[in-house]
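Structural description and commentary
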Amino acid sequence: MLEGIRSGNRVVLGQAITLIESKKPEHQTTARELVEACLPYSGQAFRIGITGTPGVGKSTFVEALGNLILNQQKKIAVLAIDPSSQKSHGSILGDKTRMNSLSAKANAFIRPSPAGEALGGVARQSRETIILCEAAGYDYILIETVGVGQSEVAVHSMTDFFLLLLLPGAGDELQGIKRGIVEMADLIAVNKADGERLKLAESARRAYRNALHLLPPQESGWVPPVHSCSAIEGTGMEEIWTTVLDYAHQTRQNGFFEEKRRRQAAYWLDETLQNSWRQLFLEDTEMKAAWEHVRQQVITQTWSPFKGAAWLMDLFAQKHKL
Ligand code: GDP
């Protein structure tokens with residue numbers, strides 16, 4: 001499989017990702033080995049996260065940007081993070097009619113979000129999928145996510161650049177978008193700047209730009225710009241792409257790029273370990289029952305959360321003779 005992936009075989013790459021997504025222990029063992037084997041060939045791509053509320057035009061935007069990148073003789077992989085636990089408009093990228101023009105291209109690889117997964121699971125799988133795609137030689141990895149929950153945090157923590165799509169809204173411009181997400185953005189693009197909405201988009205762009213000035217400056221030294229674009233008509237897309245490349249250049253020069261990757265690697269170690277611990281607890285039926293019991297004590301304020309956690313840890317230590 002490693003050979004297949006390295007030689008750019010998209011069928012093998014797809015099969016490998018299916019292994020990563022599998023719940024079967026033997027598949028997971030193989031998948032882990034494969035990820036480790038791909039690791040030395042990974043890390044070269046530039047990873048871009050794209051978020052925005054349902055209907056803002058993410059798929060259309062990804063398709064337009066993807067085609068622009070392909071025209072520069074680069075390879076792109078498009079992944080999606082859409083945890084099933086969140087109420088979205090259905091699985092993103094799941095709809096086969098979407099991204100037609102991209103999926104037909106030899107230098108593009110498109111992978112929808114796995115169905116029926118919670119955020120923790122999809123996030124881990126996406127991280128591993130990035131490694132496989134990079135070993136397969138994709139230059140840019142675009143990761144699309146719905147902007148309605150915690151998934152942006154996960155995507156932000158696995159990408160080099162984070163792009164927030166907004167609508168040309170009237171009134172309170174930042175309404176409905178959590179401040180935290182705006183703070184994570186390296187670029188804001190007001191989409192659907194076409195037809196009757198052109199004027200509205202321009203005033204929205206100015207309002208967002210003013211709002212961004214109120215935020216603390218980014219550690220990277222980068223000042224997130226606000227663009228407007230029309231993913232459907234393709235206007236503004238070139239400017240956005242140039243900005244992304246500027247960012248890549250600037251942060252590679254000042255060392256922030258590597259620093260961010262190092263932090264992300266540490267973050268994912270911690271996240272994975274926490275999830276593994278949790279898994280260990282939950283797989284043990286006695287521990288699971290004890291957890292439920294303690295939770296009730298905590299909810300009814302009979303116990304403090306700290307006493308509850310300490311009690312569970314003691315029980316776990318006793319059982320495993322730690
Ligand atoms: P997503 O839910 O964020 O992935 O949004 P989609 O890409 O599915 O787009 C939602 C709707 O907005 C579709 O009907 C698109 O055709 C439309 N749309 C997307 N981008 C633009 C744009 O730039 N201008 C206009 N007018 N419509 C757009």
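These remarks concern the structure in this document. (Residues numbered from 1 in each chain as written. Predicted model: local features only at pLDDT ≥ 70, side-chain atom pairs only at ≥ 80, totals over all residues. Heavy atoms only, no water.)

1. A look at the pairing of strand E5 (residues 161-166)
Across the six residues of E5, six count as buried, placing the element largely inside the fold. Both faces of E5 are covered, namely the face carrying Phe161, Leu163 and Leu165 and the face carrying Phe162, Leu164 and Leu166. Of the strand pairs in this sheet, strand E1 (residues 46-52) and E5 are connected by four bridges, and their pairing is parallel. In the sheet register, glycine 49 faces E5, and the bridge partner there is phenylalanine 162. The pairing of E5 with strand E6 (residues 187-190) spans four bridges and is parallel. Opposite leucine 163, over in E6, you have leucine 187 as the bridge partner. (Buried < 20%, exposed > 50% of the residue type's maximum accessible area, 1.4 Å probe, protein only. Helix = DSSP H or I, 4+ residues; strand = E, 2+ residues; numbered from the N terminus. Pairing = 2+ DSSP bridges.)

2. Structural notes on the nonpolar core
Judged by nonpolar contacts, the single largest core of 47 residues is most densely connected at Ile5, Leu13, Leu132 and Ile141. Discounting chain neighbours no more than four positions away, the residues touching leucine 13 are Ile5, Phe109, Leu132, Cys133, Ala136 and Tyr138. Judged by nonpolar contacts, the second largest core, of 33 residues, contains Leu68, Leu102, Leu142 and Leu187. (Core = buried A, V, L, I, M, F, W, Y, C linked by side-chain atoms within 4.5 Å. Contact = heavy atoms within 4.5 Å.)

3. What to know about helix H4 (residues 58-70)
The terminal C-alpha atoms of H4, which comprises 13 residues, lie 18 Å apart, in line with the 18 Å expected from a rise of 1.5 Å per residue. Among the 13 residues that make up H4, eleven are buried, leaving the element largely enclosed by the rest of the structure. Regarding H4, the residues found buried are Lys58, Ser59, Phe61, Val62, Glu63, Leu65, Gly66, Asn67, Leu68, Ile69 and Leu70. (Expected span 1.5 Å × (residues − 1).)

4. Quick look at the side chain of serine 230
Inspection of the secondary structure assignment puts serine 230 in the loop between strand E7 (226-228) and helix H10 (237-254). Of the residues examined, serine 230 reaches a relative accessible area of 0% and is grouped as buried. Within the local environment of serine 230, its side chain forms a polar contact with the backbone nitrogen of glutamate 233, the two atoms lying 3.0 Å apart. In this structure serine 230 touches Asn191, Lys192, Ala193, Asp194, Thr235 and Met237, once residues within four positions along its chain are discounted. (Polar contact = N/O pair within 3.5 Å; in protein donor to acceptor, adjacent residues only side chain to side chain.)

5. As for the layout of surface pockets
By volume, the largest pocket amounts to about 1500 Å³. Around the largest pocket, the lining comprises 42 residues; the ones closest to its centre are Arg124, Gln125, Glu128, Thr272 and Ser276. Only helix H2 (10-21), helix H3 (25-38), helix H6 (119-135) and helix H11 (256-283) provide two or more residues apiece to the lining of the largest pocket. Of the residues belonging to the lining of the largest pocket, the class tally is 14 nonpolar, 13 polar and 15 charged. Counting contributing residues, the lining of the largest pocket receives three or more from each of domain 1 (41-254) and domain 2 (268-319). Taken as a whole, the second largest pocket encloses approximately 590 Å³ of empty space. What lines the second largest pocket is a set of 26 residues, among which Glu183, Met184, Asp186, Gln218 and Glu219 lie closest to the centre. Taken together, the elements giving at least two residues each to the lining of the second largest pocket come down to helix H8 (179-184), helix H9 (198-213) and H11. (1 Å grid on protein atoms, 1.4 Å probe; cavity = no way out; pocket = protein on both sides within 12 Å on 5 of 7 lines; lining within 4 Å. Points joined across faces, edges and corners; volume = space filled by probe spheres on them. Nonpolar A, V, L, I, M, F, W, Y, C, P; charged D, E, K, R; others polar. Domains from an automatic or database assignment.)

Distances and angles like these do not, on their own, reveal function.
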